[in-house]
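Residues per chain, in single letters:
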Amino acid sequence: MSTTTATVSDNTDLSRDGDKRRKVAIIFAFCGVGYQGMQRNPGAKTIEGELEEALFHAGAVSEIDRGKPKQYDFTRCARTDKGVSAVGQVVSGRFYVEPPGFVDRLNANLPDQIRVFGYKRVAPSFSSKKFCDRRKYVYLIPVFALDPITHRDREAVMASLGSGEEYVKCFECSERGRKNKITGVMGKSKVDYFDAKSLNVRSDILSNNLGTDVKIEALTEEEAKSKFCYGEEEKEMFNRILSFYVGSHNFHNFTTRMRADDPAANRSIISFTANTIINLDGVDFIKCEVLGQSFMLHQIRKMMGLAVAIMRNCAPESLIQTAFSKDVNITVPMAPEVGLYLDECFFTSYNNTKFEASHEEVSMEAYKEEAEAFKLKHIYSHIGSAERRYGSVALWLHSLNYRNYPDLNYGRNGHNTEQVLVDETVGKTQTTEPEQNDEHSQAKTSKDTMTVS
């Protein structure tokens, strides 16, 4: 890699006199693990930071413009959050693409988890951000996440028991749950909650000592595996819940630090479906596909978080419509970032415009096979292994409770006025928020919430 970089850098200025910069759209993919998001951020490791350096070393950007993206009209189609991946990301700018071999030179200066598929000559006025009229994201959620009895939160388990229990680990992940002790005759368990059927009573009782506690241990994963499946009934229900997001709504509760009266809170969702199951590293995932014009910071992860909470009976279906209300401020759960990726960006209006013969349509069509291979090798493998090895979604499910998200109960028994306070004297909605986890620690201002999920 260093040899290639040196050779290209040595030749960088040789083409400046004879070749002009061209406005192009670069189509590429990346696995977001280990990066602090897409957008360039001084001091942070970002996808744009890697790409900008690769553009310089590939001879596409001059020494004087290095580190100054505005000088070459750099724009991105969509920002992505920390850890989020992309298959069909598009950036545009004015670059030196000659001599031939521009894509190879870029890839030679990029890590394997960032791959450029190709580029398209575009009109001088083209902007990958402004000319993109639709964006499609995919969120892969494990099937077990929709099962109300799997990875239940600690508070629900505690509430079902009473006093005198002992802490043991959840049999499906490393999260600590609570399970009951038994006293008296072995086999007469007092346990009547979610995984009582999956417990194996084994006695360490000494001979003739019936008063000694009996230890309760979880069966193996295979023995205790839930019978939940994503059948037609579950699919119909989940798709119905996701369909509530379709249309134009005020999504101020599905991002961070966004006022309800901010015009940027109004977004349009074209479709949201979950019809396909794929198996990654032995875990079944539901492929949730959402198509919209643009998305705000954390919007998709919060939409998924609330949908999963509803499927797990942690919140009423009506909460989605309630969350769209301008006079209601609630805290919505946010699903982990690992299952989310930008699938494709669409430029339908631009592609239907007549330009010069040298200008090309901007689409993924020519790179479908390459993109699919990259997705399987880098993105899907990471999502599958992350769940298998670290249980990112499983651990998140343990946090879905009314202590962390008291607003999940909003609307069940009248308004949750203790958590949602409306100050009519100033005309502003103020929220008394519960103690939050680190997932909300990356809050940004509304001006930073244009096309990020």
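Remember, it's a predicted structure, so these values are computed and weren't measured experimentally.

## Re the overall build of the chain
Alright, step 1. Per the secondary structure count, the chain includes ten helices and 15 strands.
Alright, step 2. Residue pairs at least 24 apart in sequence account for 73% of intrachain contacts in the chain once pairs closer than 6 positions are excluded.
Alright, step 3. Total accessible area on the chain stands at roughly 21300 Å², and carbon and sulfur atoms take up 47% of it.

## Examining the pattern of salt bridges
Any two side chains of opposite charge can pair, so long as their charged atoms come close to each other.
Alright, step 1. As enumerated under the stated definition, the model contains 14 salt bridges in all.
Alright, step 2. When the shortest N-O distance is used, the salt bridge between E52 and R40 registers 2.9 Å. You can see E52 sitting in helix α2 (residues 47-57) and its partner R40 sitting in the loop between β1 (22-30) and α2, a full twelve residues away along the chain.
Alright, step 3. For K136, the salt bridge is made with E289, and the minimal N-O distance between the two is 3.6 Å. Taken as a pair, K136 in strand β5 (residues 134-142) and E289 in strand β12 (residues 283-292) lie far apart in primary sequence, 153 residues in all.
Alright, step 4. The exposure class assigned to K136 is buried, which follows from its relative accessible area of 19%.
Alright, step 5. The class of E289 is partly exposed, set by a relative accessible area of 23%.

## Thoughts on the environment of K326
Alright, step 1. Mapping K326 onto the fold places it in the loop between α7 (318-323) and β13 (340-346).
Alright, step 2. Distance from K326 to R259, taken between C-alpha atoms, is 8.7 Å for residues 67 residues apart in sequence.

## Some remarks on the nonpolar core
Alright, step 1. Counting 109 residues, the largest nonpolar core has I26, F28, F95, F238, Y245, M303 and L306 as its most contacted members.
Alright, step 2. For this core, the element with the most residues is helix α6 (residues 299-311), which contributes nine residues.

## Observations regarding the packing of helix α5 (residues 232-243) against α6
Alright, step 1. Running from N to C, α5 and α6 point in directions that differ by 140°, and their axes come no closer than 10 Å. By the criterion of interaxial angle, the relationship of α5 to α6 is oblique. In this structure, α5 crosses over α6, and the sense of that crossing is right-handed. From α5, E234, M237, F238, I241 and L242 reach across to α6, where they touch M304, A307, I310 and M311.

## Observations concerning the packing of aromatic side chains
Alright, step 1. In this structure the tally under the stated criterion is 19 aromatic pairs.
Alright, step 2. With 5.6 Å between their ring centres and 70° between their planes, F251 and F254 make a pair best called edge-to-face.
Alright, step 3. Residue F251 is classed as buried on the basis of its relative accessible area of 0%.
Alright, step 4. Members of the aromatic cluster, connected to one another through ring pairs, are Y245, F251, F254, F272 and F324.

## What to know about the side chain of T46
Alright, step 1. Looking at the element boundaries, T46 is found in the loop between β1 and α2.
Alright, step 2. Residue classification places T46 among the buried positions, given a relative accessible area of 3%.
Alright, step 3. Of the polar contacts made by the side chain of T46, one reaches the backbone nitrogen of G49; its length is 3.1 Å.

## Notes on unusual backbone geometry
Alright, step 1. Cis peptide bonds are those with omega within 30 degrees of zero, and the linkage from E98 to P99 qualifies with 0°.
Alright, step 2. When you line up the elements, P99 lands in the loop between β3 (85-95) and α3 (102-108).
Alright, step 3. One non-glycine residue, R257, lies in positive phi territory at about 55°.
Alright, step 4. Mapped onto the fold, R257 is located in the loop between β10 (247-250) and β11 (266-280).

## So, the confidence of the model for the chain
Alright, step 1. Residue-level pLDDT values for the chain average 78, and 70% of them are 70 or greater.
Alright, step 2. The low-confidence segment residues 1-18, where pLDDT is below 50, has 20 contacts with residues more than four positions distant or belonging to other chains.
Alright, step 3. Within the model, pLDDT remains below 50 along residues 162-168, and this stretch shows 14 contacts once partners closer than five positions in the same chain are excluded.

## A few points about the pairing of β5
Alright, step 1. Burial of β5 is extensive: eight of the nine residues sit out of reach of the surface.
Alright, step 2. Two strands pair when backbone bridges link them, and β5 and β13 are joined in this way by six bridges, in the antiparallel orientation. Bridge pairing in β13 links R135 to C345.

## A closer look at helix α9 (residues 368-390)
Alright, step 1. With 23 residues, α9 should cover 33 Å at 1.5 Å per step; its first-to-last C-alpha distance of 31 Å lies within 8% of that length.
Alright, step 2. For α9, the principal kink sits at K375 and spans about 40°.
Alright, step 3. Considered for burial, the residues of α9 that qualify are A371, F374, K375, H378, I379, Y380, H382, I383, G384, A386 and E387.
Alright, step 4. At the C-terminal side of α9, G391 shows a positive phi close to 60°.

## Observations concerning α6
Every α-helix winds through 3.6 residues per turn, so residues three or four apart in the chain are directed the same way.
Alright, step 1. Taking 1.5 Å of rise per residue, the 13 residues of α6 would be expected to cover 18 Å, and the 18 Å separating its terminal C-alpha atoms lies within 8% of that figure.
Alright, step 2. Taking burial as the measure, the 13 residues of α6 include 13 buried ones, the bulk of the element.
Alright, step 3. Just past α6, the residue N313 takes up positive phi, approximately 65°.

Rules behind the numbers
Residues numbered from 1 in each chain as written. Predicted model: local features only at pLDDT ≥ 70, side-chain atom pairs only at ≥ 80, totals over all residues. Heavy atoms only, no water. Helix = DSSP H or I, 4+ residues; strand = E, 2+ residues; numbered from the N terminus. Contact = heavy atoms within 4.5 Å. Areas by Shrake-Rupley, 256 points an atom, 1.4 Å probe, with all protein chains shown as cover. Salt bridge = Lys/Arg side-chain N within 4 Å of Asp/Glu carboxyl O. Buried < 20%, exposed > 50% of the residue type's maximum accessible area, 1.4 Å probe, protein only. Core = buried A, V, L, I, M, F, W, Y, C linked by side-chain atoms within 4.5 Å. Axes fitted to C-alpha atoms, helices over the stretch in contact; angles between N-to-C directions. Parallel < 35°, antiparallel > 145°, perpendicular 65-115°, else oblique. Left-handed = near helix turned anticlockwise from the far one by under 90°. Phe/Tyr/Trp six-rings, centres within 6.5 Å; stacked < 30°, edge-to-face > 60°. Polar contact = N/O pair within 3.5 Å; in protein donor to acceptor, adjacent residues only side chain to side chain. pLDDT = per-residue confidence, 0-100. Pairing = 2+ DSSP bridges. Expected span 1.5 Å × (residues − 1). Bend = angle between axes of the 7 residues up to and from the residue.

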